[in-house]
Amino acid sequence: MTYLDLGTTGKNFAGEELLEELQRLVPALQERAGEAEESGRIPEATIEDLKRMNAFKAVVPSAYGGLQADYPVIPQMFRIMGRGCTSTAWCMGFLIFHNFQFAFFPKQAQDEVWGGKGYTMAPGQVMPSGKATRDGEGYRLTGRWGYATGVLHGDWMLLSAPVELEDGSIEMRRFYVPVEDVEILDSWHVSAMKATGSHDVTLEDVFVPAYRSVLVEEMREGTAEGLTHLEGSLWKLPLLTYMIFGGVAPMIGAAETLFEMVSDILTTKVGAYSGEKQADLATQRVRMARLRMELESTIGLFESRIEYVWSTVQQDGGLSREQRAEMRMVIVHVARKCTELVNELTVVAGSRGTYLASPIQRFHRDVTSLATHAVHDYDHVANLYGRRFLGAELPGNAMI
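Please read these numbers as outputs of a predicted model, since none were measured by experiment.

1. Some details on the nonpolar core
Thinking step 1. Core analysis: the biggest nonpolar cluster contains 107 residues, and Leu22, Val59, Tyr71 and Met77 have the highest contact counts within it.
Thinking step 2. Tallying contributions element by element places helix H7 (residues 239-266) first for this core, with 18 residues.
Thinking step 3. Ala132, Met157, Leu159 and Val182 belong to the second largest nonpolar core, which has 18 residues in total.

Below, the structure is given as structure tokens:
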């Protein structure tokens, strides 16, 4: 069963070929998922497969030899990998599309990260932490940052820290440092998403040249100087809008695969106490029909808004704050629906889905874990989005 219509993802032929290659990789990702979880890292075979198909170049500017894929291709990459292994989709997906963040950094930084092998594999910790102090032609960074997804496979590390200015005010800046400059702590002891290797990292008085830094506000509002050196609509996408569709996509892929697995189980499953074949029960047929429609409507909302974002950016050069708030609402709704679907499907699968040999339990744990991510905070986002219907303006510092 395949939901993905490659014909809807854009007109970048290289991007279409990449999605087709990723779909062919799904069975291998499913086979490697147990190994990935047990080892706490993505298998090297998977990384080599992604390198072979130039997946890490998907969001690199064409001027540097990258694919510069049309935006609709990018979240679909997460979704397809999510059909095989949620951790792989989350971890490798971010290493692939964090290349986008370097578009905001100065030209010297872009030359540094893209000018060698043509891409970077940069984990990007999100929440600001630690501290940065000005030091001549750069900054000194000290502190601890959590959730450094992909750091076990990275070359550069993206992180944010506050800088205290001479007048006592604070500005938030984004930095990148060589991975060898950070100490990786053995902190990722978790019940789900273990293969992402999202350990904490520390820096101790590490010097960072000024060109390896950019204001977070300039990234959020799309005013960073680095963008002026790049051509194409891709670089006009708001940063958070760009990120959130990729972030929810592994949950969609997991829900799709889980639906297929549970459908297969129900064709032969017999009730332990009733002796009734589940495929013959009207209640099960009605349930699966409903879940299928809920899944397809969720996918439809997801894909329609991706196309909306892309066409709007191409036509208008960006999104309004109201449009960005709506996209955040769409994503938290999709995340909630995927979680509900996965929870119900797991129950329908019965006890056989709880065995460690079954991928069902892994998909279930991973999706419910991703549902707790701050970007999927339904109450917070709905509170922001709901303001538009009640005559209130969006806060100036809203994370949209």
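2. Overview of the side chain of Arg173
Thinking step 1. Structurally, Arg173 can be placed in strand E4 (residues 170-178).
Thinking step 2. Owing to a relative accessible area of 11%, Arg173 belongs among the buried residues under this scheme.
Thinking step 3. Only 3.0 Å separates the side chain of Arg173 from the side chain of Glu171, close enough to count as a polar contact.
Thinking step 4. The contact partners of Arg173, leaving out residues within four places of it in the chain, are Tyr139, Leu159, Ser160, Ala161, Val163, Ser213, Val214, Leu215 and Val216.

3. Brief notes about empty space enclosed by the protein
Thinking step 1. As enumerated under the stated definition, the model contains three cavities of 30 Å³ or more in all.
Thinking step 2. Estimates place the volume of the largest cavity at around 50 Å³.
Thinking step 3. Along the walls of the largest cavity sit Gln30, Ala33, Gly84, Cys85, Thr86, Pro359, Arg362, Phe363 and Asp366, which together make up its complete lining.
Thinking step 4. Mapped by element, the contributors of at least two residues to the lining of the largest cavity are helix H1 (13-39) and helix H10 (359-370).
Thinking step 5. With four residues, H10 is the single largest residue contributor to the lining of the largest cavity.
Thinking step 6. Tallied by class, residues from the lining of the largest cavity come to four nonpolar, three polar and two charged.

4. Considerations on the environment of Tyr242
Thinking step 1. Looking at where Tyr242 falls in the secondary structure, it is placed in helix H7.
Thinking step 2. On the basis of relative accessible area, Tyr242 is assigned to the buried category, the value being 1%.
Thinking step 3. Along the primary structure Tyr242 and Val214 are separated by 28 residues, whereas in three dimensions their C-alpha atoms are 18 Å apart.
Thinking step 4. The residues touching Tyr242, leaving out its near neighbours within four places in the chain, are Val59, Tyr71, Ile74, Phe97, Phe100 and Leu237.

5. Regarding the packing of helix H4 (residues 86-97) against H7
Thinking step 1. Between H4 and H7, the shortest axis-to-axis distance is 9 Å and the interhelical angle comes to 160°. Judged by the angle between their axes, H4 and H7 are roughly antiparallel. The two elements H4 and H7 cross, and the hand of that crossing is right-handed. Residues Thr86, Ala89, Trp90, Phe94 and Phe97 of H4 lie in contact with H7, whose contacting residues are Tyr242, Met243, Gly246, Gly247, Pro250 and Ala254.

6. Looking at the pattern of salt bridges
Thinking step 1. In the structure shown here, the tally under the stated rule is 29 salt bridges.
Thinking step 2. The residue Asp280 makes a salt bridge to Arg285 at a minimum N-O spacing of 3.8 Å.
Thinking step 3. Here the residues in one salt-bridge network are Arg287, Arg290, Glu294, Lys337, Glu340 and Glu344, joined through shared partners.

Calculation notes
Residues numbered from 1 in each chain as written. Predicted model: local features only at pLDDT ≥ 70, side-chain atom pairs only at ≥ 80, totals over all residues. Heavy atoms only, no water. Core = buried A, V, L, I, M, F, W, Y, C linked by side-chain atoms within 4.5 Å. Buried < 20%, exposed > 50% of the residue type's maximum accessible area, 1.4 Å probe, protein only. Helix = DSSP H or I, 4+ residues; strand = E, 2+ residues; numbered from the N terminus. Polar contact = N/O pair within 3.5 Å; in protein donor to acceptor, adjacent residues only side chain to side chain. Contact = heavy atoms within 4.5 Å. 1 Å grid on protein atoms, 1.4 Å probe; cavity = no way out; pocket = protein on both sides within 12 Å on 5 of 7 lines; lining within 4 Å. Points joined across faces, edges and corners; volume = space filled by probe spheres on them. Nonpolar A, V, L, I, M, F, W, Y, C, P; charged D, E, K, R; others polar. Axes fitted to C-alpha atoms, helices over the stretch in contact; angles between N-to-C directions. Parallel < 35°, antiparallel > 145°, perpendicular 65-115°, else oblique. Left-handed = near helix turned anticlockwise from the far one by under 90°. Salt bridge = Lys/Arg side-chain N within 4 Å of Asp/Glu carboxyl O.

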